[in-house]
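# Descriptive structure summary
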Amino acid sequence: MAEIQLVIFDCDGVLMDSEIVAAAAELEIYKEYGIEMEPAEFARAFAGKDSALILKEMEQELEHSLPEDTLKKIHANVDAKCGLEAKMIDGADTVLDMLDQARCICSNGPQEKMRHMLERVGLYDRFRPYIFSAKDFDPPRHKPEPDIIQKAVKEFEVSPTQAIVIEDSVHGIGAARSAGTRVIGFTGASHTYPGHADQLIEAGAETVISRFSDLPSIVEAFGSWDQLD
């Protein structure tokens with residue numbers, strides 16, 4: 001058991017209610033190639049997954065490659081839509097005033113996309129310069145790979161068991177577990193679905209919350225809870 005010294009937030013689907021917005025933006029591009037899905041269905045299937053990997057799955061489903069500029073178009077549309085439309089999760093700003101621990105963001109999303117979203121809702125200055133993106137690595141190291149979580153732990157000079165990660169996807173839960181940190185599942189965004197919490201628990205979350213008002217007491221409790229094997 002170790003007292004929590006660092007709280008690591010995912011961005012999309014945790015701080016920002018952006019997964020549905022991103023799903024709709026990606027589907028606008030895929031619709032050009034005959035792929036039809038509802039944003040909620042897309043978000044359920046792919047939340048937390050890198051767009052390049054989603055593209056590969058789409059191509060496998062279609063049994064042919066899409067144009068070389070497809071990924072570039074997807075990134076541009078997602079960045080633009082999320083920058084303009086994504087809203088802050090209720091209580092995300094308030095909970096930062098309730099936590100004594102250091103905090104940072106670890107996300108698969110690119111830096112510019114996060115900056116545009118977070119600046120618009122007033123969260124960017126509350127985290128910078130500690131906003132880490134999988135795209136910071138060369139080559140990128142996306143969740144469920146643990147590199148981005150390990151980078152944050154190293155930056156703050158804490159042990160993995162002194163850090164707690166807040167994640168809405170099984171990919172993010174997997175990254176946290178591989179990095180050896182504590183992990184809380186989050187189901188407070190609009191892309192949540194029946195069975196979402198169960199999936200996060202099965203992936204390795206030690207508990208799941210749907211409101212940020214519950215986070216401070218859970219963080220405090222983790223100092224006396226044994227970590228899951």
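Above: the structure in question.
Attention in this report is confined to the structure presented alongside it. As the structure is a prediction and not an experimental result, all values here were calculated from the model.

## Let's talk about the pattern of salt bridges
Tallied over the entire structure, the rule returns 16 salt bridges. With a closest N to O distance of 3.2 Å, Arg 115 and Glu 119 form a salt bridge. With Arg 115 and Glu 119 both in helix H6 (residues 111-121), this residue pair falls four residues apart, about one helical turn. Of the residues examined, Arg 115 reaches a relative accessible area of 23% and is grouped as partly exposed. With a relative accessible area of 41%, Glu 119 lands in the partly exposed category.

## Regarding the pairing of strand S6 (residues 163-167)
Most of S6 sits inside the fold, with five of its five residues counted as buried. Burial along S6 is two-sided: the residues Ala 163, Val 165 and Glu 167 and Ile 164 and Ile 166 are all buried. The sheet contact formed by strand S1 (residues 6-9) and S6 spans four bridges and is parallel. Within S6, the residue paired with Leu 6 across the bridge is Ala 163. In the sheet, S6 pairs with strand S7 (residues 182-186) via four bridges, with the strands oriented parallel. Within the sheet, the bridge partner assigned to Ile 164 lies in S7 and is Arg 182.

## Structural notes on the packing of aromatic side chains
Evaluated as defined, the whole model comprises six aromatic pairs. Look at Phe 9 and Phe 127: their rings are 5.8 Å apart centre to centre, the planes differ by 80°, and that puts the pair in the edge-to-face class. With Phe 9 in strand S1 and Phe 127 in helix H7 (residues 124-127), the pair connects residues that are 118 residues apart, well separated along the chain. With respect to burial, Phe 9 and Phe 127 carry one shared label: buried. Taken together, a centroid distance of 4.7 Å and an interplanar angle of 50° make the contact between Tyr 130 and Phe 156 tilted. Taken together, the residues Tyr 130 in the loop between H7 and strand S5 (131-133) and Phe 156 in the loop between helix H8 (147-155) and S6 connect sequence positions 26 residues apart. Connected via pairs of aromatic rings, a cluster forms that spans Phe 9, Phe 127, Phe 186 and Phe 212. In this structure, Lys 151 is placed above the aromatic ring of Phe 137, and the distance from its NZ or CZ to the ring centre is 5.3 Å.

## Describing the packing of helix H9 (residues 170-179) against helix H10 (residues 196-203)
For the pair H9 and H10, the least separation of the axes is 9 Å and the interaxial angle reads 25°. Here H9 is positioned roughly parallel relative to H10, judged by the angle of their axes. Both H9 and H10 take part in a crossing whose hand is right-handed. Of H10, the residues touching H9 (which contributes Val 170, Ile 173 and Arg 177) are Gln 199, Leu 200 and Ala 203. When the residues that make up the contact of H9 with H10 are grouped by side-chain class, the tally is four nonpolar, one polar and one charged.

## A short note on the environment of Gly 204
Residue position: Gly 204 is located in the loop between H10 and strand S8 (207-209). On the basis of relative accessibility, which here comes to 9%, the residue Gly 204 falls in the buried class.

## Observations regarding the sheet that holds strand S4 (residues 102-107)
Two pairing modes exist for strands in a sheet, parallel and antiparallel, and in both the strands are linked by backbone hydrogen bonds. Taken in spatial order, the six strands make up an open sheet running S5-S4-S1-S6-S7-S8, and their pairing is parallel. Every other strand in the sheet has two partners, leaving S5 and S8 as the edge strands with one partner each. Going from strand to strand, the sheet's axes swing by 25° on average, the running direction of each strand aside. As judged from the four bridges shared by S1 and S4, these two strands associate in the parallel manner. Paired with Leu 6 across the strands is Ala 102, a residue of S4. Where H6 meets the sheet, it contacts S4 and S5, and its direction lies at approximately 145° from that of S5.

Definitions and limits used
- Residues numbered from 1 in each chain as written.
- Predicted model: local features only at pLDDT ≥ 70, side-chain atom pairs only at ≥ 80, totals over all residues.
- Heavy atoms only, no water.
- Salt bridge = Lys/Arg side-chain N within 4 Å of Asp/Glu carboxyl O.
- Helix = DSSP H or I, 4+ residues; strand = E, 2+ residues; numbered from the N terminus.
- Buried < 20%, exposed > 50% of the residue type's maximum accessible area, 1.4 Å probe, protein only.
- Pairing = 2+ DSSP bridges.
- Phe/Tyr/Trp six-rings, centres within 6.5 Å; stacked < 30°, edge-to-face > 60°.
- Lys NZ or Arg CZ within 6 Å of the ring centre and 35° of its normal.
- Axes fitted to C-alpha atoms, helices over the stretch in contact; angles between N-to-C directions.
- Parallel < 35°, antiparallel > 145°, perpendicular 65-115°, else oblique.
- Left-handed = near helix turned anticlockwise from the far one by under 90°.
- Contact = heavy atoms within 4.5 Å.
- Nonpolar A, V, L, I, M, F, W, Y, C, P; charged D, E, K, R; others polar.

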